[in-house]
Amino acid sequence: AASAARPGNTREITRNQSLRRHSLLQELFRRSEGRHWSEEELSTYSRSVPEFSQRADAARAITRHEATVVEKTVTEIFSVYAFMKHHPLAEVKAPRDITQVSVYTTTAMLMNDSDWLRDRLLLWLKTILQAFAFPKRESSGQRTLFGNRTPSNNPAENMEQRRQAIFETYIALKKNYQQALDPAQFLVIEPYLQQVVDTLSAD
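These lines cover the structure that appears in this document, whether it is placed above or below. Computed from a predicted model, the values in this text were never measured in an experiment.

Scoring rules and cut-offs
Residues numbered from 1 in each chain as written. Predicted model: local features only at pLDDT ≥ 70, side-chain atom pairs only at ≥ 80, totals over all residues. Heavy atoms only, no water. Phe/Tyr/Trp six-rings, centres within 6.5 Å; stacked < 30°, edge-to-face > 60°. Core = buried A, V, L, I, M, F, W, Y, C linked by side-chain atoms within 4.5 Å. Buried < 20%, exposed > 50% of the residue type's maximum accessible area, 1.4 Å probe, protein only. Helix = DSSP H or I, 4+ residues; strand = E, 2+ residues; numbered from the N terminus. Contact = heavy atoms within 4.5 Å. Expected span 1.5 Å × (residues − 1). Bend = angle between axes of the 7 residues up to and from the residue.

**What about the packing of aromatic side chains?**
Per the counting criterion, the structure on display carries four aromatic pairs. Linked through ring pairs, F29, W37 and Y45 together constitute an aromatic cluster.

**Describing the nonpolar core**
Y45 and Y170 are the most contacted members of the largest nonpolar core, which has 55 residues in total. Mapped by element, the contributors of at least two residues to this core are helix 1 (26-31), helix 2 (39-48), helix 3 (53-80), helix 5 (90-111), helix 6 (114-130), helix 8 (161-180) and helix 9 (183-200). If one sorts the elements of this core by residue count, helix 3 sits on top with ten residues. In contact with Y45, other than residues within four places in its own chain, are L19, L25, F29, W37, F52, R55, A56, M109 and L110.

**Side note on helix 9**
In a regular helix each residue adds 1.5 Å, so 18 residues correspond to 26 Å; helix 9 covers 25 Å between its end C-alpha atoms and thus fits that length. Along helix 9, the largest kink reaches about 45° and is centred on I189; proline P191 follows within four residues of it. Of all the positions in helix 9, only Q185, F186, V188, I189, Y192, L193, Q195, V196, V197, T199 and L200 are classed as buried. Contact partners of the buried residues in helix 9: helix 3, helix 5, helix 6 and helix 8.

Below, the structure written as structure tokens:
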């Protein structure tokens, strides 16, 4: 688990320490929950913790690409799961939920705090998502998310139905961000995207 950094002393911050209670950033994290940071806020972040400035660059790129990435993810997942037949509001709720995950994941990256992401969003969202009766995967879309796979080597096939669509949705989100971001940008967000996959689709 990430531990809190000593407020205001950037030289004592390590790569494993949370910035949640950093004296120069704590208020920014509080005010910005649920949205992306502005350019002014990201500049303050980079000045306050210059050793984490690559994360500010990644946050900028995620903000630019998010709408396209989310739209692509929804299109892909709807091609293999018949959400619209089972949930009339799926066309609205799916982009909303995926965008919310993207925003909170970006904040957790800036915060350097996977525990915050788990406790603030993922455990609650997991309960909500897994309570839905998601449709079965349609084999006609077998190639869409995982390439040329057969049912026997598609990881989702070994999961119970209520977790399959969740797993594939956030695997697709991770893949689409990998394609949209520069390698250095993806490197700093990837652990949090993987945390999303692992937590939301866990039994």
